[in-house]
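Structure assessment
Now for the letters of each chain:
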Amino acid sequence: MEDIKIVKGQVGEELFLLGNAAIVRGALESGINVYTYYPGTPSSEVGEIFTKIFKNVGINWVESSINEKVALEVAGAAYARGAKAMVGMKNVGLNVASDPFFALATTRPKNENSAIVVLVADDPQQYSSAVEMDSRYYLKLLKIPALEPSNPQECLEYTKCAFEISRELKIPVIIRLVTMVAHARSNVKLGKLVPPKLDKTFDLSPEVNVASRLYFLDLKQDQIYNRMNRALVKSENSSLNWIENENATNIFSLGIITSGVSYNYVIEALDFLDLKAPILKLGFINPLPEKKIVAFLKQFKQVFVVEENDAYIETEVLAIAHKNRVQTKILGKDPFSYSKEGSLLNFVGELNPTKVAFALIKITDLTPKINLKQNKEKKYETVRRRPVLCAGCPYATIGYALKKAIKKLKSDSGKEIYFYQDIGCYTLLSFAPYSFANVKYCMGSSIALAQGVARTDDSLNIAIIGDGTFFHSGIPALLNGIYNKTPILVMILDNGWIGMTGQQPHPGSDTHHYQDGNFKKKINLEKFLLGTGANISVIKRQERIKGNYPDRLRDLIYEKSYDVLEKRDLHIIVIEDECIQKFNQRNTLEVRYIDERLCNNCGLCYNQFNCPALNEKNDKAYINLNDCLGCGICEEICPNNAIYGGDNNEF
């Protein structure tokens, strides 16, 4: 319903929107032609909404690309062609896209309509990311403008502004979000939708579109001394950089500089202390408005810079102050000392109003209107939930079978066995009772990590990677291992979807089971792998083969692991078992029940299989019927035939 409202909403109407949804509306009000993305929380909703609506609003193309690098290249070519293009990703996705980004940033299309905006969503507090990183430092490397909204209304307005800056200056513009803005909701006033248009001409001049050594340095000169210089003028005069409480005074001669979501925390913190202070709120975060910052600094004896994660703005403000011989004391994170004691705010994790208020108390020694210490130290009695896979998740079956196979392998071979995780739901297999993780870095790295250790001794090294991650960035590492005949076992867990970010499709997804599948061609993973010449085994949950599935999987892992140890060559096992959440959207499965007469409470189902729908109650195994999704694996593994309820023919 929200998707329809985003498209149908009229000028002046107010909708209660997610920050991500407001980004979509802002792009529609800019006349966007192309949106490409790779799903990554907290940015995923933008691509999902575009995918649902684009055919009805005249957008030329929307795609979930194979990875962020390809997404930027596809959109970048559309930009060169004369389109208004946008690319979406999360913070770590910018690392993947950075290679072509440096070249793209220097190009200068001549088409009047050309514009490209890159949405990057950072994840302070690392809610759904492998690392906590601050993508703002790329702004100095790429030398491109960037805007940072602090609420959903600004998400809409800043998106329109970003497209206009890019169209006018012919330079990419980044919109930087954080989780608490991307996933915040508030009323958003809509503007006018602009129909997409596309220039008929395509200027093929290599000196504006080709980042080769013949043209690169000239284009880079133009990028820095022309386009970024004009961006600086825009920043100095932009209404996105403004002062709140401009005429306020306080006995501490204190001003505050902030941006993005931190602005909201500052407003609340000042209210806690009943303190009035002028606030320079920066929405145009690169290039920063030097003259405006200098003029602001000169009004105060001390200025407090409030921002999450790294001291990006604080460092820039310190440099600007030094350059202009401003003596104002600048407070914040003290970025050059790396001293926790000397820092008013932490470099790690999210801020909140209480944290900002405590920092202000250190500066002013004011007493807050409310008991902030009690607020900070209060222990809320909440139900703690350990990280678990969904009930019925195929990865739980894999973890169960792998643990049994490994136990026997260690006993029979006497070899050390190591595991290399990747990024996906199956990362949870690194937790007890499975504990399958010795090294994990980033998306697509597991296969190369296994190769690194395999070359140091005769241990068995097992790489665990999902199908979505494999297509994203696992292929080069696999080809490297095949080419070098590296003795590792690669387990590709093919659940059919990009499960961790919301079950989005990827090149191996069944095109019959998602909205725009009619416009896609499924890549057969098995045939793709056979083309590499590697040793491959495929096991499918839905195969009608004698013997229960967990035992067949256990035996296959054992057998092929031994092959790797004996033949000293790479082997791939593809395990095909669809994500239970997607399967259940198309099928109704029977929940299982416990026959208490047959159950002897051996604990195998709830301790070893570790399904969250299973636990112990009254000295018997117990299935929570509200959680059970009917996968039937517990029925297959029960040694006493005490679990019943389905015929297992659904799979």
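Predicted model, so just to flag it, every value in this text is computed and none were measured. (Residues numbered from 1 in each chain as written. Predicted model: local features only at pLDDT ≥ 70, side-chain atom pairs only at ≥ 80, totals over all residues. Heavy atoms only, no water.)

1. Quick look at the overall build of the chain
So the rule is basically this: Strands here mean DSSP runs of E at least two residues long; helices mean DSSP runs of H or I at least four residues long; both are numbered from the N terminus. The atom set for the radius of gyration is the C-alpha atoms, and the globule formula is 2.2 Å times the number of residues raised to the power 0.38. Burial classes follow relative accessibility: with a 1.4 Å probe on protein chains only, a residue under 20% of its type's maximum area counts as buried, one over 50% as exposed, and anything between as partly exposed. Contacts are assigned to residue pairs with any non-hydrogen atoms lying within 4.5 Å of each other. For the area figures, the Shrake-Rupley method with a 1.4 Å probe applies, and any residue is considered shielded solely by the protein chains shown.
Across its full length, the chain carries 23 helices and 23 strands. What you see for the chain is a C-alpha radius of gyration of 28 Å, in line with the 26 Å of a compact globule of 651 residues. Dimensions of the chain, computed from the C-alpha atoms along their principal axes, are close to 80 × 65 × 55 Å. Here the chain holds 651 residues, and 55% of them are scored as buried. Within the chain, contacts between residues at least 6 apart in sequence are counted, and of these 77% link residues at least 24 apart. Looking at the chain as shown, the accessible area adds up to about 28,900 Å², and 51% of this sits on carbon and sulfur atoms.

2. Quick look at the pairing of strand E13 (residues 302-306)
This is how the line gets drawn: When DSSP finds two or more bridges between two strands, those strands count as paired. Here, the term right-handed applies to a crossover whose path from the first strand over the helix to the second runs clockwise when the strands point away from the viewer.
A large share of E13 lies buried, amounting to 5 of its 5 residues. Every second residue of E13 is oriented toward a common face, with Gln302, Phe304 and Val306 on one face and Val303 and Val305 on the other, all of them buried. In this sheet, E13 lies alongside strand E10 (residues 254-259) in parallel orientation, the contact comprising 5 bridges. Its bridge partner lying in E13, Leu254 is registered against Gln302. Where E13 and strand E14 (residues 329-331) come together, 3 bridges link them in parallel fashion. Each bridged residue has a counterpart across the sheet, and for Phe304 the counterpart in E14 is Leu331. You can see the chain leave E13, run along helix H13 (residues 312-323) and come back into E14, and the turn it takes is right-handed.

3. Some points on the packing of helix H2 (residues 19-28) against helix H7 (residues 152-169)
As a reminder of what qualifies: As a rule, the C-alpha atoms of each element are fitted with a line to give its axis, helices using only the stretch in contact, and angles between N-to-C directions run from 0 to 180 degrees. Two helices crossing with the near one rotated counterclockwise from the far one by less than a right angle form a left-handed crossing, whereas a clockwise rotation gives a right-handed crossing. Gly counts as polar in this scheme, as do all residues outside two lists: the nonpolar Ala, Val, Leu, Ile, Met, Phe, Trp, Tyr, Cys and Pro, and the charged Asp, Glu, Lys and Arg.
In the contact formed by H2 and H7, the axes pass within 7 Å of each other and the chain directions differ by 35°. With respect to the hand of their crossing, H2 and H7 are arranged in right-handed fashion. Contacts between H2 and H7 involve Gly19, Ala22, Ile23, Arg25, Gly26 and Ala27 on the former and, on the latter, Pro152, Cys155, Leu156, Thr159, Lys160 and Phe163. When the residues that make up the contact of H2 with H7 are grouped by side-chain class, the tally is 7 nonpolar, 3 polar and 2 charged.

4. As for the nonpolar core
To be explicit about the condition: In these notes, a set of buried Ala, Val, Leu, Ile, Met, Phe, Trp, Tyr and Cys residues joined through side-chain atoms within 4.5 Å is what counts as a nonpolar core. The source of the domain bounds is an automatic or database domain assignment.
Residues Phe50, Ile257, Phe304 and Leu360 are the most contacted members of the largest nonpolar core, which totals 117 residues. Sort the elements by how many residues they give to this core and helix H11 (residues 260-273) lands first, with 8 residues. Counting only domains with at least three residues in this core, you end up with domain 1 (2-237) and domain 2 (241-371). Other than its neighbours up to four places away in sequence, Phe50 contacts Val24, Ala27, Leu28, Ile32, Tyr35, Ile59 and Val62.

5. Here's the deal with the pattern of salt bridges
Quick note on the threshold: The working definition used for a salt bridge is a side-chain nitrogen of Lys or Arg within 4 Å of a carboxyl oxygen of Asp or Glu.
The final tally for this structure, using the stated rule, is 28 salt bridges. Between Lys52 and Asp3 there is a salt bridge; the shortest N-O distance is 3.4 Å. In this pair, Lys52 sits in helix H3 (residues 44-53) while Asp3 sits in helix H1 (residues 2-8), placing the two residues 49 residues apart along the sequence. The exposure class assigned to Lys52 is partly exposed, which follows from its relative accessible area of 44%. With a relative accessible area of 16%, Asp3 lands in the buried category. Close ionic contact of Asp271 with Lys369 constitutes a salt bridge, the shortest N to O distance being 3.4 Å. Placement of the pair is Asp271 in helix H11 and Lys369 in the loop between helix H14 (353-364) and helix H15 (372-377), with a sequence separation of 98 residues. Exposure remark for Asp271: the relative accessible area of 47% places this residue in the partly exposed category.

6. Concerning a nonpolar patch on the surface
So the rule is basically this: Nonpolar side chains (Val, Leu, Ile, Met, Phe, Trp, Tyr) are joined into patches within 5 Å and like charges within 9 Å, using only residues with over 30% relative accessible area and no salt bridge.
Residues Trp61, Val74 and Phe519 make up a contiguous nonpolar surface patch of roughly 270 Å² in combined accessible area. Mapped onto the elements, Phe519 comes out in the loop between strand E17 (489-494) and helix H19 (525-530).

7. A short note on helix H4 (residues 68-81)
Formally: Multiplying one less than the number of residues by 1.5 Å gives the expected span of a helix. Here a polar contact means two N or O atoms within 3.5 Å. Within protein one must be a hydrogen donor candidate and the other an acceptor candidate, and residues neighboring in sequence count only if both atoms are side-chain atoms.
Over its 14 residues, H4 runs 20 Å from end to end, which matches the ideal 20 Å to within 8%, given 1.5 Å per residue. Where H4 starts, the residue carrying a side-chain oxygen 3.1 Å from the main-chain nitrogen of Lys69 turns out to be Asn67. Just past H4, the residue Gly82 takes up positive phi, approximately 120°.

8. Looking at the sheet that holds strand E3 (residues 61-64)
Judged by pairing direction, the sheet is mixed, and its 7 strands sit side by side in the order E3-E2-E4-E5-E7-E6-E12 without closing on themselves. Sheet topology places E3 and strand E12 (284-286) at the edges, where each strand pairs with a single neighbour. The sheet strands contacting H7 are strand E4 (84-90), strand E5 (115-122), strand E6 (146-147), strand E7 (173-178) and E12, and the helix crosses E7 at an angle near 160°.

9. Thoughts on the domain arrangement of the chain
Accessible area lost upon the coming together of the parts is a frequently used measure of interface size. Spelled out, the test is: We define buried area as the total accessible area lost by two parts upon association, computed with a 1.4 Å probe and summed across both.
By domain assignment, the chain separates into domain 1 (2-237), domain 2 (241-371), domain 3 (394-580) and domain 4 (591-646). Just the C-alpha atoms count here: the centres of domain 1 and domain 2 sit 28 Å apart. With both chains or domains summed, domain 1 and domain 2 bury close to 2,500 Å², and 50% of this area falls on carbon and sulfur atoms. Sorting the residues of domain 1 by area buried against domain 2 places Arg136, Ser235 and Glu236 first, and these three jointly supply 25% of that buried surface. Between the two partners, domain 1 and domain 2, sit 3 salt bridges. Taking the shortest distance from any N to any O, the salt bridge between Glu307 and Arg136 comes out at 2.8 Å. At the boundary of domain 1 with domain 2, the tally comes to 24 residue pairs in polar contact (both at pLDDT 80 or more). Among the residues making up the side of domain 1 that touches domain 2, the classes are represented as 18 nonpolar, 3 polar and 9 charged.

10. A short note on the pairing of E4
When a strand is regular, its side chains alternate between the sheet's two faces. Of all 7 residues that make up E4, 7 are buried, and the element is covered over most of its length. Where burial is concerned, the two faces of E4 agree: the one with Lys84, Met86, Gly88 and Lys90 and the one with Ala85, Val87 and Met89 are both buried. Taken together, the 7 bridges between E4 and E5 define a ladder with parallel strand orientation. Bridge pairing links Gly88 to Leu119 in E5.

11. Quick notes on the sheet that holds E10
Pairing is mixed in the open sheet, where 5 strands are placed in the order E9-E11-E10-E13-E14. At either margin of the open sheet sits one strand with a lone partner, and together these are strand E9 (241-244) and E14. Averaged over all pairs of adjacent strands, the angle between their axes in this sheet comes to 20°, without regard to strand direction.

12. Quick look at unusual backbone geometry
A cis amide bond, omega 20°, links Thr41 with the succeeding residue Pro42. Inspection of the secondary structure puts Pro42 in the loop between strand E2 (34-37) and H3. In the segment running from Asn286 into Pro287, the intervening peptide bond is cis, with an omega of -5°. Mapped onto the secondary structure, Pro287 falls in the loop between E12 and helix H12 (290-297). Non-glycine residue Lys485 carries a positive phi angle of around 50°. For Lys485, the location among the structural elements is in the loop between helix H18 (467-483) and E17. The backbone of Asn610 shows a phi angle near 65°, a positive value even though the residue is not glycine.

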